[in-house]
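# Reading the structure
Residues per chain are reported as follows:
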Amino acid sequence: MSPVAVYSECDRNALHVRFADEAYAIGPSAPRESYLRIEAIIDAARKCGADGVHPGYGFLAENEDFAAAVRDAGLTFIGPSPEAIETMGSKTAARTAAKRAGVPVVPGTEDPLSVDVPEDQIAASAAAIGYPLLVKAVAGGGGKGMRTVADPADLAGAVRAARSEAGTAFGDATVYLERRLTRPRHIEVQLLGDSHGTVLPFVERECSIQRRHQKVVEETPSLAVSPALRAAMTSAAAQVAKAVGYTNAGTIEFLLDEDGRFYFLEMNTRLQVEHPITEMVSGVDLVRWQIRIARGERIDLDPAQLIRPSGHAIECRIYAEDPDNNFLPSPGRIQQLRAPAGPGIRDDSGATAGLDVPIFYDPMISKLVAWAEDRPLAIARMQRALGEYLVTGIKTTVPFFAWLLAQPDFQSGRFHTTYLDEVLKSRNGRPFVETTPALEELAAAAAALEAVMSPSVLAADASADRLEAPGARRWQTLARAEGLR
Amino acid sequence: MSPVAVYSECDRNALHVRFADEAYAIGPSAPRESYLRIEAIIDAARKCGADGVHPGYGFLAENEDFAAAVRDAGLTFIGPSPEAIETMGSKTAARTAAKRAGVPVVPGTEDPLSVDVPEDQIAASAAAIGYPLLVKAVAGGGGKGMRTVADPADLAGAVRAARSEAGTAFGDATVYLERRLTRPRHIEVQLLGDSHGTVLPFVERECSIQRRHQKVVEETPSLAVSPALRAAMTSAAAQVAKAVGYTNAGTIEFLLDEDGRFYFLEMNTRLQVEHPITEMVSGVDLVRWQIRIARGERIDLDPAQLIRPSGHAIECRIYAEDPDNNFLPSPGRIQQLRAPAGPGIRDDSGATAGLDVPIFYDPMISKLVAWAEDRPLAIARMQRALGEYLVTGIKTTVPFFAWLLAQPDFQSGRFHTTYLDEVLKSRNGRPFVETTPALEELAAAAAALEAVMSPSVLAADASADRLEAPGARRWQTLARAEGLR
Amino acid sequence: MQYEVEVGGRLLQVVVTRTGDGFAVSVDGQTRHVDAARIDGQMLSLIVDSVWSKEVNVAADPVGGQLVVHIGTTPVAVTLNGRRRWGRKNDGAGTSSGPQRLVAPMPGKIVRVLAKAGDTVAARQPLVVVEAMKMENELRASREGTVAEIHVAEGTSVEAGALLLVIQ
Amino acid sequence: MQYEVEVGGRLLQVVVTRTGDGFAVSVDGQTRHVDAARIDGQMLSLIVDSVWSKEVNVAADPVGGQLVVHIGTTPVAVTLNGRRRWGRKNDGAGTSSGPQRLVAPMPGKIVRVLAKAGDTVAARQPLVVVEAMKMENELRASREGTVAEIHVAEGTSVEAGALLLVIQ
């Protein structure tokens with residue numbers, strides 16, 4: 001199989017372009033001008049004579065029109081059918097499907113609230129559902145177009161904000177309302193379904209560590225799921241998927257309340273960012289199976305094996321964000337990058353030194369995964385790996401994860417979907433990187449040593465070409481300092 | 001646990017020094033002046049207040065005097081007892097132990113041939129054993145101090161050569177003779193033994209791919225080993241270890257002849273270079289267990305699980321050698337290094353860009369390991385990884401492995417301990433990197449482009465400091481070219 | 001060579017002297033022996049007092065402009081020989097006195113301006129919402145004060161480092 | 001810019017012309033469009049004719065001195081504008097005519113010299129054994145001939161590139 005990449009302007013130097021055999025430019029950096037342009041991608045696929053298209057897990061990955069366009073172009077879409085994407089892609093239709101499959105759902109509006117639904121009607125359904133509630137984009141995902149409302153007075157504003165954000169992010173401003181459970185866990189079940197009627201669930205993933213509704217740490221198995229509950233949740237997930245004739249890889253997301261009751265939340269009709277942890281504990285290559293299933297092959301995995309976890313895996317999403325500045329994105333040129341390796345460590349990275357983290361997309365630069373025989377050992381391994389993960393030139397969330405994994409609540413598994421936001425609020429911006437006087441003195445010594453050991457800095461030239469920029473900028477800084485002694 | 005490193009002069013910048021919390025210089029680069037100096041290492045361990053010493057897998061790792069010195073210094077030696085090392089470290093004593101345990105051994109001399117044994121006596125024992133035979137250093141390993149003799153006329157010379165090489169490498173010139181089986185496989189069994197009498201064997205490792213008696217590719221499980229044979233070999237291995245009261249990690253090496261009969265070859269009383277492949281298929285962290293066992297803990301692993309392989313793992317030893325020049329060592333400054341990653345890939349590396357591969361030690365720079373559900377998939381994954389392994393500035397064996405893994409004999413598992421030497425001989429130096437006219441034209445275009453895109457080369461200065469040397473050298477090369485147009 | 005290094009709010013006097021086998025580095029009078037080996041353009045491997053091994057990495061922060069020293073993977077911001085003399089004091093780079101100049105930490109689009117000139121604001125009160133990387137990010141006041149100047153309007157795009165508003 | 005590139009025994013004429021969106025590169029008259037992006041000091045990402053993506057890496061071989069271009073991970077040795085003019089012809093870098101100068105490929109200790117002046121040697125016949133990295137490495141004749149000069153003695157140490165012997 002020979003991989004072909006498509007890329008936008010700012011991704012010209014991205015790893016997926018450099019590693020592909022063929023690469024096709026599909027437009028400017030803004031997603032709607034490139035990665036969201038269905039015809040541009042179909043066109044590239046035609047040009048290179050591709051047999052199939054893998055949609056990845058962003059942009060058009062859950063877009064039924066794209067899946068249909070690929071199919072209509074006579075190509076294989078490596079994912080579910082457009083019909084399944086459409087059904088489960090609509091949060092409200094998905095809830096109906098779940099209920100038909102006999103799986104409980106979180107109380108909420110049955111029908112989407114299109115932009116023309118009057119405010120008083122929205123207020124009425126809200127009252128029926130009860131507060132606190134969530135306003136969610138029907139086409140939503142990743143916390144975009146989502147607002148929490150505790151006070152009826154804030155409802156109208158929240159709906160407006162959610163609609164505008166949803167419109168920008170998904171081109172669909174329709175929203176719906178959903179009861180907000182108190183302190184629930186986010187537990188999800190990975191599925192593989194083939195075109196011969198087989199749907200197999202995997203051991204659940206625990207994704208409750210979220211910041212502003214975005215997963216930042218995932219692990220499998222979940223401390224909150226007993227074998228009995230696992231059996232119930234995995235078979236419920238499979239039932240929902242079967243009910244809509246689902247094929248290929250997908251994930252059923254549940255909320256698990258404090259009393260151990262679970263509710264269908266939504267389905268992701270694509271591969272997910274956190275799929276590596278399932279691969280680590282199951283030994284199954286999910287992407288290879290996506291391709292085999294798309295080719296019409298039968299899944300010949302042992303169902304019992306898939307819901308028996310072998311060890312424990314944790315994923316940290318390494319973002320180009322400044323955790324000590326309210327997690328603001330930190331785009332720019334990566335000056336140095338050294339990723340950890342060794343036993344049990346897997347780093348699925350899109351970054352290298354010299355690469356620019358673009359401002360246009362989600363700033364995730366890597367998925368760092370640690371596997372070990374049990375959870376405490378997996379945490380210890382992840383801590384070791386984070387301690388070796390060196391990135392300079394941009395800020396990353398590595399120091400945040402180092403802090404999080406040391407928290408007693410995390411280590412004992414006492415958390416829920418709002419745990420992280422609450423802790424962050426209570427920390428009130430206290431830095432994650434805590435230096436000691438000794439460390440600061442060493443830093444001072446190091447800076448002085450660098451100035452002494454690199455006399456060439458005095459010759460540094462501001463007109464150094466772009467490639468040399470980071471170094472040069474640094475030399476200038478030092479040179480200025482030197483000049484002023 | 002806080003790691004402390006010791007280092008020789010040329011290892012000042014090595015990764016183990018940079019990653020350690022404390023680092024102690026123990027002498028000049030030549031092994032006998034640093035890494036083989038027992039008192040220097042004990043001294044460092046005392047200075048830093050270490051609790052234990054891990055001997056690694058080179059230098060003093062199988063030296064009973066070192067193990068004893070560590071113990072006498074009141075420190076924990078993370079390995080077997082000095083007595084076990086001494087017994088199994090002597091090839092002849094080990095053979096006796098194996099025979100006592102009822103395990104067959106390869107016919108050979110019972111007693112070591114010290115330097116004063118007269119030639120006619122050596123010739124006599126040789127005749128008794130029969131030709132072809134091997135002259136092996138009693139203290140030997142890794143093919144050092146080993147010679148093959150097919151013709152009695154060559155015996156005396158071979159013994160002299162083996163003795164001199166053994167003397168240099170191990171400080172012990174004693175050798176012995178052993179029948180050379182025709183086309184045997186090298187199959188070895190990893191063991192863990194605790195101080196409470198438990199000895200557990202793991203799934204066998206297939207190490208028949210050797211160049212000049214040095215393993216270059218290892219895999220587990222072996223295609224040549226049936227479940228029945230596995231049961232026999234693993235329990236034989238455990239019996240030998242129990243017979244000498246062996247504790248901690250060790251490996252029993254067997255030769256497997258074409259008729260499926262196996263013979264005890266020797267025991268390695270240490271962790272081995274190829275231990276990662278066993279970790280990949282067993283999920284057991286062998287180094288962690290070495291430490292736990294040294295602390296006196298009981299092994300609580302499931303014995304049945306350990307001899308049931310989960311998937312297949314392959315290791316390629318990446319060497320700083322030029323495969324297209326008779327595998328001559330290729331020391332020097334690594335200019336660029338990009339190691340592969342992703343699902344099923346583990347790269348245990350000691351190299352980074354900017355690092356010098358020293359001339360003093362074994363030139364292995366990394367152990368690249370690929371795991372997958374079965375052998376063909378593991379081979380495919382290793383091929384993918386090798387295709388992404390970029391090292392410039394020095395030559396490596398990466399192109400050789402890319403060639404080897406594509407050989408039908410390798411893919412079908414039809415090989416033995418002399419397979420590789422025979423194939424290499426028959427290739428008669430034909431290069432492993434085979435370029436095509438198209439590739440050559442692209443290379444020509446790239447060189448010209450680099451010259452055009454980097455006009456600064458004309459300003460390049462030969463007196464650039466060492467750090468810039470590789471780049472500068474290249475600029476000079478180009479500058480010279482430019483100057484002469 | 002003598003340097004004045006500001007780090008963690010302290011001003012340290014650092015004197016570096018070459019010795020036969022490395023450097024003598026004194027920080028506020030306390031001298032340590034440092035064996036410093038160059039790994040690459042930015043990384044040094046230090047062995048302090050012949051024992052303590054540390055990788056350090058010195059580079060300028062592309063946004064703030066100040067030097068960031070990574071000790072292992074821990075970043076520590078320092079200024080060498082006086083930010084004052086660089087005239088960078090009012091960069092809003094965490095200074096705790098004088099007017100606070102709120103600058104854009106990254107390029108993006110101003111989606112909301114939550115304060116107007118004359119407003120009294122509390123520490124950590126949200127002032128401006130910038131959209132970048134498809135996420136809306138709140139920029140907050142680092143301390144209480146009065147909004148003196150506003151330099152941006154909703155809907156406009158700004159570059160990293162652009163001055164957004166000033167708090168007296 | 002015009003270059004003469006020797007690769008795989010062929011001498012290629014390469015002409016590089018800047019275009020609006022990259023370069024026109026003609027190799028022996030066949031012209032392709034190349035979008036060349038600088039990744040770092042040595043690596044370029046090429047997209048040829050808007051389709052074919054290749055990472056290339058141009059660096060000098062520390063021992064041989066000639067340029068090595070890595071296409072992906074495949075090394076290809078090239079010489080730019082004439083090895084002849086660099087006077088490096090007789091480096092024993094695989095030339096097939098003229099005297100063969102056997103040079104040490106790495107630093108090490110000469111443990112055995114297996115030929116003496118005047119000996120007739122066959123191709124690939126072992127001539128010198130060098131010990132480096134604790135392994136004994138045989139250096140062989142690249143072709144048949146007569147040993148004209150011997151420049152080393154057993155037991156001596158040599159640097160990389162040192163002339164060991166010459167075969168006529």
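Each remark here, short or long, concerns the structure printed above.
In this report, we go over the structure that sits alongside the text. On a predicted model such as this, the values are computed, not experimentally measured, just so you know. (Residues numbered from 1 in each chain as written. Chains lettered and ligands numbered in written order. Predicted model: local features only at pLDDT ≥ 70, side-chain atom pairs only at ≥ 80, totals over all residues. Heavy atoms only, no water.)

Here we take up the overall build of chain A. Helix and strand content of chain A: 17 helices and 22 strands. Taking 2.2 N^0.38 as the reference for a compact globule, 485 residues should give roughly 23 Å; the C-alpha atoms of chain A span a radius of gyration of 24 Å, in line with that estimate. Taking all 485 residues of chain A together, 57% fall into the buried category. The contacts in chain A between residues at least 6 apart in sequence include a share of 64% that link residues at least 24 apart. (Helix = DSSP H or I, 4+ residues; strand = E, 2+ residues; numbered from the N terminus. Rg over C-alpha atoms; globule rule 2.2 N^0.38 Å. Buried < 20%, exposed > 50% of the residue type's maximum accessible area, 1.4 Å probe, protein only. Contact = heavy atoms within 4.5 Å.)

Our focus in this paragraph is the sheet that holds strand β9 (residues 100–103) of chain C. Residue and element names in this part refer to chain C. With antiparallel pairing, four strands are arranged side by side in an open sheet as β9-β16-β14-β11. A single partner strand is all that each edge strand has here, and the edge strands are β9 and β11 (120–121). Looking at chain direction, β9 and strand β16 (residues 163–167) are connected through four bridges and run antiparallel. Each residue of the ladder has a partner; that of Q100, found in β16, is I167. (Pairing = 2+ DSSP bridges.)

For the rest of this paragraph, the subject is the interface of chain C and chain A. Every contact between the two is made by 63 residues of chain C and, on the other side, 63 residues of chain A. Where chain C packs against chain A, one counts four salt bridges. E440 of chain A serves as the salt-bridge partner of R10 of chain C, at 3.4 Å between the closest nitrogen and oxygen. At the boundary of chain C with chain A, the tally comes to eight residue pairs in polar contact (both at pLDDT 80 or more). Element by element, the count of residues in the side of chain C that touches chain A is highest for strand β6 (residues 52–60) of chain C, at seven residues. When the residues that make up the side of chain C that touches chain A are grouped by side-chain class, the tally is 36 nonpolar, twelve polar and 15 charged. (Salt bridge = Lys/Arg side-chain N within 4 Å of Asp/Glu carboxyl O. Polar contact = N/O pair within 3.5 Å; in protein donor to acceptor, adjacent residues only side chain to side chain. Nonpolar A, V, L, I, M, F, W, Y, C, P; charged D, E, K, R; others polar.)

The extent of an interface is frequently quoted as the accessible surface area lost upon association of the parts. Counting residues at the interface gives 62 residues for chain D, matched by 62 residues for chain B. At the boundary of chain D with chain B, total buried surface from both sides reaches about 5,400 Å², with 65% on carbon and sulfur atoms. The tally of links between chain D and chain B comes to four salt bridges. E55 of chain D is paired through a salt bridge with R338 of chain B; the nearest N and O atoms lie 2.5 Å apart. Between chain D and chain B we count eight residue pairs in polar contact (both at pLDDT 80 or more) in total. Of the residues forming the side of chain D that touches chain B, the biggest block, seven residues, is contributed by strand β6 (residues 52–60) of chain D. (Buried area = accessible area lost by both parts, 1.4 Å probe.)

Our next topic: the sheet that holds strand β9 (residues 100–103) of chain D. The strand order across the open sheet built from four strands is β9-β16-β14-β11 (chain D), with neighbouring strands paired in antiparallel fashion. The open sheet has two edge strands with one neighbour each: β9 and β11 (120–121) of chain D.

We now examine the packing of helix α2 (residues 38–47) of chain B against helix α3 (residues 64–72) of chain B. A pair of packed helices can be characterised by two numbers: the angle between their axes and the separation between those axes. Residues and elements named next belong to chain B. Axis separation between α2 and α3 bottoms out at 10 Å; the angle between their running directions is 30°. One element, α2, and the other, α3, form an angle in the roughly parallel class. Here the hand of the crossing between α2 and α3 comes out right-handed. Side by side, α2 and α3 meet where I38, I41 and I42 of the first sit next to D65, F66, A69 and V70 of the second. Counted by class, the contact of α2 with α3 contains six nonpolar, no polar and one charged residues. (Axes fitted to C-alpha atoms, helices over the stretch in contact; angles between N-to-C directions. Parallel < 35°, antiparallel > 145°, perpendicular 65-115°, else oblique. Left-handed = near helix turned anticlockwise from the far one by under 90°.)

All names here are of chain B. Where helix α6 (residues 119–129) meets helix α7 (residues 155–170), the closest approach of the two axes is 10 Å, and the angle between their N-to-C directions is 105°. Classed by the angle they form, the pair α6 and α7 counts as roughly perpendicular. When α6 is examined against α7, the residues E119, I122, A123 and A126 are found in contact with a partner set consisting of L155, A156, V159, R160 and R163.

Relative to the helices and strands, A156 of chain B resides in helix α7. Sequence separation between A156 of chain B and V203 of chain B is 47 residues, and the spatial gap between their C-alpha atoms is 40 Å.

Here the distance between the centres and the angle between the planes together describe a pair of aromatic rings. Residue and element names in this part refer to chain A. Taken as a whole and judged by the stated rule, the model has 28 aromatic pairs over all chains. Judged by centre distance (5.0 Å) and plane angle (20°), the ring pair of Y35 and F59 falls under stacked. Taken as a pair, Y35 in the loop between β2 (22–25) and α2 (38–47) and F59 in the loop between β3 (52–53) and α3 (64–72) lie far apart in primary sequence, 24 residues in all. On the basis of relative accessible area, Y35 is assigned to the buried category, the value being 9%. (Phe/Tyr/Trp six-rings, centres within 6.5 Å; stacked < 30°, edge-to-face > 60°.)

So, on to the pattern of salt bridges. Throughout the structure, instances matching the rule amount to 84 salt bridges over all chains. Between E206 of chain A and R185 of chain A there is a salt bridge whose closest N-O contact spans 2.7 Å. Placement of the pair is E206 of chain A in strand β10 (residues 205–211) and R185 of chain A in strand β8 (residues 185–193), with a sequence separation of 21 residues. The exposure class of R185 of chain A is buried, given its relative accessible area of 14%. With its nearest N and O atoms 3.7 Å apart, the salt bridge here joins E178 of chain B to R95 of chain B. Residue E178 of chain B is located in strand β7 (residues 175–179), and its partner R95 of chain B is located in helix α5 (residues 91–100); the two are separated by 83 residues in the primary sequence. R95 of chain B shares its class with E178 of chain B; the two are buried.

Moving on, we come to α6 of chain B. Residues and elements named next belong to chain B. All of the buried residues in α6 are I122, S125, A126 and I129. Buried residues of α6 fall within an arc of 105° about the axis and therefore sit on the same side. Exposed positions of α6 whose direction lies more than 90 degrees from the buried face are D120, A127 and A128. G130 occupies a position one or two residues after α6 and carries a positive phi of about 100°. (Arc of directions from axis to C-beta.)

This part takes up the pairing of strand β5 (residues 43–48) of chain D. All names here are of chain D. The element β5 is extensively covered by neighbouring structure, given that six of its six residues are classed as buried. By the alternation rule, side chains of β5 split into M43, S45 and I47 and L44, L46 and V48, which are all buried. Strand direction decides the pairing type here: strand β4 (residues 30–38) and β5, joined by five bridges, are antiparallel. Bridging from a neighbouring strand, A36 pairs with L46 of β5. Counting the residues that bridge the hairpin from β4 to β5 gives four residues. Bridge count for β5 against β6 is six bridges, and the pairing is antiparallel. Within β6, the residue paired with S45 across the bridge is E55.

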